[in-house]
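The lines below spell out each chain.
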Amino acid sequence: MSTTAPGSWGRYPPSRPRQILPCRDIQTLALPAEPQSCLPFGNGRSYGDVCLNDGGALLLTRGLDRFIAFDPATGILRAEAGVLLADILALIVPRGWFLSVTPGTQFVTLGGAIANDVHGKNHHLAGSFGCHTRAFELLRSDGERLTCTPERNADWFRATVGGLGLTGLITWVEIQLQRIANPWIVAENRRFANLDQFLALNADYEARYPYTVSWIDCAARGRALGRGIYMAGMHAPPGLMKPPPPERRALTVPFVPPVSLVNNLSVRWFNRLYYHLPRPARGLTPYQPFFYPLDNLLEWNRLYGRRGFFQYQCVIPPAAAREALREMLARIAASGQGSMLAVLKRFGDQTSGGLLSFPRPGFTLALDFPNLGARTFALLESLDEVTRQAGGAVYPAKDARMSGDSFRRYFPRWAEFSRFIDPRFSSSFWRRVMGN
Amino acid sequence: MRNILIIGATSAIAEATARRFAAGGARFHLVGRNAERLAAIARDLEIRSGQPVVSESLDLDHLEQHPALLERAEQALGGIDVALIAHGTLPDQNACQQSVEKTLAAIHTNALSVISLATLLANAFERRGRGTLIVIGSVAGDRGRQSNYVYGAAKGMVGLFLQGLRNRLSGKGVQVITIKPGFVDTPMTAAFEKKGLLWAQPDRIAQGIVAAVERGRDEVYLPWFWRWIMRVILHIPERLFKRLKL
């Protein structure tokens, strides 16, 4: 809720909003003076510039953080849009409920989860966040309030889910939760030696587990190309649990080093070590380290130094996936620009209907690269080339550099979407990909 | 389960504190000025605590309504264990300098209404032989400065009053806690440029308040480093201090 200049998680691009307007309650919306545009800003966990509005105003939504209704019998929860998923979990887990879909950090707001239609390890089964959103209220700059559900104001619902905050301010959200017996996860880990092994394992694990994800050693080449670790999990059944573990104190990266600590050498050694690290094949783990492995290292984005870093997350349609993924991994390994947090997962067929939603059937690969300037831009553009050819898409929530041409190919319904943009709302991302 | 009365419940510090109390199990009676905001906070606390919350909106400047207010809270909660007095305004110093009326209004809200409530609550606690009274003061009350001495004088008066009250009730089972926050990033201080290490979030203050209750503290600076800053400021001789631009 700090009112110092907010930035995005990747610390790139640098941005300076002209005005910062904290929201306090959902009854009133303070708009900047004409002709400035504005954009809702939640907890700043999107990586690139979808949450930035350079030269315009940001509406800070973290002040909208009250619960409105919770029915412990049905698992329907309504809350203001600035509530963090972490706050929701603290409320619902002791009462036997869990988020139906959760991204890899609990430090995102409800509004941000909808605006980016976030996904999680259970996408192959449950779809994206928008699939479990029962309703929300959209406040337009002219004061109109639209209650949107998949049936009511359905066109606004589809525009706003994945709509990058451009259709107006989401004031409250109502979501459906899922039942759990306890806070524990039955988790399984399995090493695989290459991409083909991954594909074979994946079919088997997806049939048995609701949560699946794989870490990829993207410094590996040749026969080991695409080696990694498969991680699968399910909520533990009743009775299968342990005494609560001692609360782990989160560590904080205390400052921004002048250069990235994530570099060619550290990535190679980290990946090699991580791949060979002995880990239990099957065990019971608390839900936090399973879903949010990085949430215990606060401000970890600082590790990448002053110039920040890029995330690259694409999705490739199933038919083209094997060849495209091999090509990408080969290009990354050859570039010598490594990624520590390379993640691979299959998206299922269920979609939220969001006009600009990123998740669609296929395999999604997420990577992070320290910003080394032109070299990194060139590598990412060469990955885009593969994604375009394969008919895939890149995730706007993690992007800071895709071309407008790429964006329009990845999101062919952009023109239909743009009719729903609030005339007073805009973002650095939107101006960039629309070329003005 | 503690029964907690919060006066000025829509203040950012009070709301953050209530959430921390709610997590540990609490029943609330809330008093505030803005009815709509109060209702939203009450609903939120009901969900967090799993207990019904009563709230009422009231202009606390009307001192004659205080006894009835406390009676209703006693009734609704079935006895108050903890009372947090957190209401207040941040007056415009320049406007006050030009207006006796505004100066006295600021002192009425920030000092006299607090003293009225503290007196009534302390007496009720004394009769029962237990209770915790928490009052939000300010570092501004430690020394008069040209930039906000009207606010500072009101907070200073409250601080002295509470010292006396604490002294009187010591050994009678009643805890009197003065909280002295430094710069806090809240809507009350929205007009300030909030940069630098001296600004704290309301939840950090809330954490300190809950800890002060658990540890039975008397006067607490929040965050902790303000104790040392104020110690230095209090030791500057007046001859020098009067020339400083503070």
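What counts, and at which threshold
Residues numbered from 1 in each chain as written. Chains lettered and ligands numbered in written order. Predicted model: local features only at pLDDT ≥ 70, side-chain atom pairs only at ≥ 80, totals over all residues. Helix = DSSP H or I, 4+ residues; strand = E, 2+ residues; numbered from the N terminus. Rg over C-alpha atoms; globule rule 2.2 N^0.38 Å. Buried ≥ 20, exposed ≤ 12 C-beta atoms within 10 Å, placed from the backbone. Contact = placed C-beta atoms within 7 Å. Expected span 1.5 Å × (residues − 1). Pairing = 2+ DSSP bridges. Axes fitted to C-alpha atoms, helices over the stretch in contact; angles between N-to-C directions. pLDDT = per-residue confidence, 0-100. Parallel < 35°, antiparallel > 145°, perpendicular 65-115°, else oblique. Left-handed = near helix turned anticlockwise from the far one by under 90°. Nonpolar A, V, L, I, M, F, W, Y, C, P; charged D, E, K, R; others polar. Core = buried A, V, L, I, M, F, W, Y, C linked by C-beta atoms within 7 Å. Right-handed = clockwise from strand over helix to strand, strands pointing away.

Remarks on the overall build of chain B
Then comes step 1: From N to C terminus, chain B includes 9 helices and 9 strands.
Then comes step 2: Here the C-alpha radius of gyration of chain B, 18 Å, is about what a compact globule of 246 residues would show, namely 18 Å.
Then comes step 3: Seen through its principal axes, chain B has C-alpha atoms that stretch 55 × 40 × 35 Å.
Then comes step 4: A buried classification covers 42% of the 246 residues belonging to chain B.
Then comes step 5: For chain B, restricting intrachain contacts to residue pairs at least 6 apart in sequence, the fraction spanning at least 24 positions comes to 68%.

Side note on the overall build of chain A
Then comes step 1: Scanning chain A from N- to C-terminus turns up 12 helices and 19 strands.
Then comes step 2: Here the C-alpha radius of gyration of chain A, 21 Å, is about what a compact globule of 436 residues would show, namely 22 Å.
Then comes step 3: Each of the three principal axes of chain A carries a C-alpha extent, and together these read 60 × 55 × 45 Å.
Then comes step 4: Classification of the 436 residues of chain A by burial places 48% in the buried group.

A word on helix H6 (residues 149–169) of chain B
Along an α-helix, a turn takes 3.6 residues, which lines up residues three or four apart on a common side.
All names here are of chain B.
Then comes step 1: Given a rise of 1.5 Å per residue, 21 residues ought to cover 30 Å, and the 29 Å separating the end C-alpha atoms of H6 matches this to within 8%.
Then comes step 2: Considered for burial, the residues of H6 that qualify are Val-150, Tyr-151, Gly-152, Ala-154, Lys-155, Val-158, Leu-162 and Leu-165.
Then comes step 3: At its buried positions, H6 is contacted by helix H4 (93–97), helix H5 (100–128), strand S5 (131–136) and strand S6 (174–181).
Then comes step 4: One or two steps after H6, the chain reaches Gly-171, where phi turns positive at roughly 85°.

Digging into unusual backbone geometry
Then comes step 1: With omega at 0°, the peptide bond leading from Glu34(A) into Pro35(A) counts as cis.
Then comes step 2: Take Pro35(A): it is sitting in the loop between strand S1 (19–22) and strand S2 (38–41).
Then comes step 3: At the junction of Leu222(B) and Pro223(B), the peptide bond is cis and its omega measures out at -15° in the coordinates.
Then comes step 4: Mapped onto the secondary structure, Pro223(B) falls in the loop between strand S9 (219–222) and helix H8 (225–234).
Then comes step 5: Phi at Arg11(A) is positive, roughly 60°, even though this residue is not glycine.
Then comes step 6: Here Arg11(A) lies in the segment before S1.

Some remarks on the sheet that holds strand S3 (residues 54–57) of chain B
Residues and elements named next belong to chain B.
Then comes step 1: Spatially, 7 strands are ordered S3-S2-S1-S4-S5-S6-S9 in an open sheet, and the strand pairing comes out parallel. Two strands lie at the open edges of the sheet, namely S3 and S9, each paired on one side alone. On average, each strand axis in the sheet is inclined to that of its neighbour by 15°, with strand direction left out of account.
Then comes step 2: When strand S1 (residues 2–7) meets strand S4 (residues 82–85), the two strands line up parallel, connected through 4 bridges. Across the sheet, Ile-6 pairs through a bridge with Leu-84, a residue of S4.
Then comes step 3: Strands in contact with helix H2 (residues 35–49) are strand S2 (26–32) and S3; relative to S2, the strand with the most contacts, it is inclined by about 175°.

Some points on the environment of Phe67(A)
Then comes step 1: Within the secondary structure, Phe67(A) sits in strand S4 (residues 67–71).
Then comes step 2: The spacing of Phe67(A) and Phe136(A) is 69 residues in sequence and 13 Å in space, taken between C-alpha atoms.
Then comes step 3: The residues touching Phe67(A), leaving out its near neighbours within four places in the chain, are Ala79(A), Val83(A), Leu91(A), Asp44(B), Ile47(B) and Arg48(B).

Some words on the confidence of the model for chain B
Then comes step 1: When pLDDT is averaged across chain B, the result is 94; 98% of the residues are at 70 or more.
Then comes step 2: For this predicted complex, the interface confidence score (ipTM) comes to 0.89, while the overall pTM stands at 0.92.

Observations concerning the packing of helix H1 (residues 12–23) of chain B against H2(B)
Residues and elements named next belong to chain B.
Then comes step 1: At their nearest, the axes of H1 and H2 sit 8 Å apart, and the two run at 20° to each other. The angle between H1 and H2 places the two elements in the roughly parallel class. Two packed elements cross with a definite hand, and for H1 against H2 that hand is right-handed. Counting all contacts with H1, which are made through Glu-15, Ala-18, Arg-19, Ala-22 and Ala-23, the residues of H2 involved are Ile-41, Leu-45, Arg-48 and Ser-49.
Then comes step 2: Residues that form the contact of H1 with H2 fall into these classes: 5 nonpolar, 1 polar and 3 charged.

With respect to helix H1 (residues 85–92) of chain A
Then comes step 1: For H1(A), every residue scored as buried is listed here: Leu85(A), Asp87(A), Ile88(A), Leu89(A) and Leu91(A).
Then comes step 2: For H1(A), the elements touching its buried residues are S4, strand S5 (76–80), strand S6 (97–99) and helix H2 (110–115) of chain A together with H2 of chain B.

A look at the sheet that holds strand S18 (residues 362–370) of chain A
All names here are of chain A.
Then comes step 1: Ordered in space as S14-S10-S12-S11-S17-S18-S16-S19, the 8 strands form an open sheet in which the pairing is antiparallel. The two strands at the open ends of the sheet, each matched to only one other strand, are strand S14 (282–286) and strand S19 (393–394).
Then comes step 2: Strands strand S10 (184–192), strand S11 (211–216), strand S12 (228–235) and strand S17 (343–347) of the sheet are contacted by helix H5 (residues 195–208), whose axis makes an angle of about 5° with S12.
Then comes step 3: Across the face of the sheet, helix H9 (residues 374–389) comes into contact with strand S16 (309–316), S18 and S19 while running at roughly 10° to S16.

With respect to the nonpolar core
Then comes step 1: Ranked by size, the top nonpolar core spans 120 residues in total, and within it Leu59(A), Ile114(A), Val173(A) and Leu325(A) carry the most contacts.
Then comes step 2: Beyond its immediate sequence surroundings of up to four residues, Leu325(A) is in contact with Leu195(A), Gly226(A), Ile316(A), Phe363(A) and Leu365(A).
Then comes step 3: The next biggest cluster of nonpolar side chains, apart from the first, holds 66 residues, and it includes Leu60(B), Val150(B), Ile177(B) and Ile205(B).

What to know about the pairing of S6(B)
Residues and elements named next belong to chain B.
Then comes step 1: For S6, a buried count of 8 out of 8 residues is recorded, marking the element as mostly surrounded by other parts of the structure.
Then comes step 2: Alignment of S5 against S6, held across 6 bridges, turns out to be parallel. Within S6, the position partnered with Ile-136 by the bridge is Ile-179.
Then comes step 3: With respect to chirality, the unit in which S5 leads through H6 into the neighbouring parallel S6 is right-handed.

What to know about the environment of Ala320(A)
Then comes step 1: Within the fold, Ala320(A) resides in helix H8 (residues 318–335).
Then comes step 2: Setting aside residues up to four positions removed in sequence, Ala320(A) forms contacts with Ala390(A) and Gly391(A).

Details of the packing of H1(B) against helix H7 (residues 202–215) of chain B
Residues and elements named next belong to chain B.
Then comes step 1: Where H1 meets H7, the axes come as close as 8 Å, and the angle between the chain directions of the two elements is 55°. It follows that H1 is oblique to H7 by the angle criterion. Classified by chirality, the crossing of H7 by H1 is right-handed. Together, Ala-12, Ile-13, Ala-16, Thr-17, Arg-20 and Phe-21 of H1 and Pro-202, Asp-203, Ile-205, Ala-206, Gln-207, Ile-209 and Val-210 of H7 make up the contact between the two elements.
Then comes step 2: Tallied by class, residues from the contact of H1 with H7 come to 9 nonpolar, 2 polar and 2 charged.

Notes on the environment of Ser8(A)
All names here are of chain A.
Then comes step 1: Locating Ser-8 in the fold gives a position in the segment before S1.
Then comes step 2: The class of Ser-8 is buried, set by 26 C-beta atoms lying within 10 Å.
Then comes step 3: Linking Ser-8 and Tyr-47, residues 39 residues apart in sequence, is a C-alpha distance of 5.4 Å.
Then comes step 4: Ignoring any residue separated from it by four or fewer positions in sequence, one finds Ser-8 in contact with Gly-44, Ser-46, Tyr-47, Gly-48, Asp-49, Cys-51 and Leu-52.

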